[in-house]
Amino acid sequence: KGEGEDTFGNVKILLENKTKLSLVPEIVVSGIRAGSPAAEAGLREGDVILAVNGKRVHQYKLQEILKMINDREGKRIKLLIERYNQDLLFSFVLKKVFDDD
């Protein structure tokens with residue numbers, strides 16, 4: 001697991017800079033666990049997270065965004081996502097995932 005990455009609650013997110021009109025860092029979904037609530041809700045790798053529970057992420061540090069997500073274990077979370085220049089809203093309940101090791 002690298003810096004700026006978290007796998008809690010079936011969503012692995014990674015801070016990644018992309019070239020757009022501005023150089024604001026984006027939060028990009030880098031992995032989804034198969035069968036997870038996030039996957040079942042329709043979240044996909046490459047989705048750009050714009051907001052968590054109505055809070056725009058561009059104004060927060062990565063660790064603050066991870067805390068927003070981690071604090072929602074067992075509760076419904078709403079993610080506003082940009083995919084192919086469209087804004088999509090996803091809502092699902094985060095739950096702790098245990099590896100089979």
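Please refer to the structure placed before this passage.
In what follows, the accompanying structure is described. (Residues numbered from 1 in each chain as written. Predicted model: local features only at pLDDT ≥ 70, side-chain atom pairs only at ≥ 80, totals over all residues. Heavy atoms only, no water.)

Section: the overall build of the protein chain
- Broken down by element type, the protein chain carries two helices and seven strands.
- Secondary structure elements of the protein chain occur, N-terminal to C-terminal, as β-β-β-α-β-β-α-β-β.
- A buried classification covers 37% of the 101 residues belonging to the protein chain.
- Residue pairs in contact within the protein chain that sit at least 24 positions apart in sequence constitute 41% of those at least 6 positions apart. (Helix = DSSP H or I, 4+ residues; strand = E, 2+ residues; numbered from the N terminus. Buried < 20%, exposed > 50% of the residue type's maximum accessible area, 1.4 Å probe, protein only. Contact = heavy atoms within 4.5 Å.)

A look at the nonpolar core
- Residues L43, I49, V52, I65, I77, L79 and F92 are the most contacted members of the largest nonpolar core, which totals 18 residues.
- For this core, the elements supplying multiple residues, two or more each, are strand 3 (26-32), strand 4 (48-52), helix 2 (62-70), strand 6 (76-83) and strand 7 (86-93).
- Here the element with the most residues in this core is helix 2; it accounts for five residues.
- Among the nonpolar cores identified, the runner-up in size contains five residues, and V48, L50, A51 and L80 belong to it. (Core = buried A, V, L, I, M, F, W, Y, C linked by side-chain atoms within 4.5 Å.)

A closer look at unusual backbone geometry
- For Y84, which is not a glycine, the phi torsion comes out positive at approximately 50 degrees.
- With respect to the secondary-structure elements, Y84 resides in the loop between strand 6 and strand 7.
- Accessibility expressed as a relative area gives 72% for Y84, which makes it exposed.
- Positive phi, normally seen in glycine, also occurs at N85, with a value near 65 degrees.

A few points about the pairing of strand 7
- Note that strand 6 and strand 7 share eight bridges and pair antiparallel. Residue pairing for strand 7: K78 is matched across the bridge by S91.
- The loop that links strand 6 with its antiparallel partner strand 7 comprises two residues; one of these, Y84, has a positive phi angle of about 50 degrees. (Pairing = 2+ DSSP bridges.)

Quick look at the pairing of strand 6
- Strand 6 sits mainly inside the fold: six of its eight residues count as buried.
- In this sheet, strand 6 lies alongside strand 4 in antiparallel orientation, the contact comprising four bridges. Paired with A51 across the strands is L80, a residue of strand 6.

Here's the deal with the environment of A39
- Mapped onto the secondary structure, A39 falls in helix 1 (residues 37-41).
- With relative accessibility at 30%, the residue A39 sits in the partly exposed group.
- For the pair A39 and F92, spaced 53 residues apart in sequence, the C-alpha separation works out to 9.6 Å.
- Those residues in contact with A39 that sit more than four places away from it in its chain are I32 and R33.

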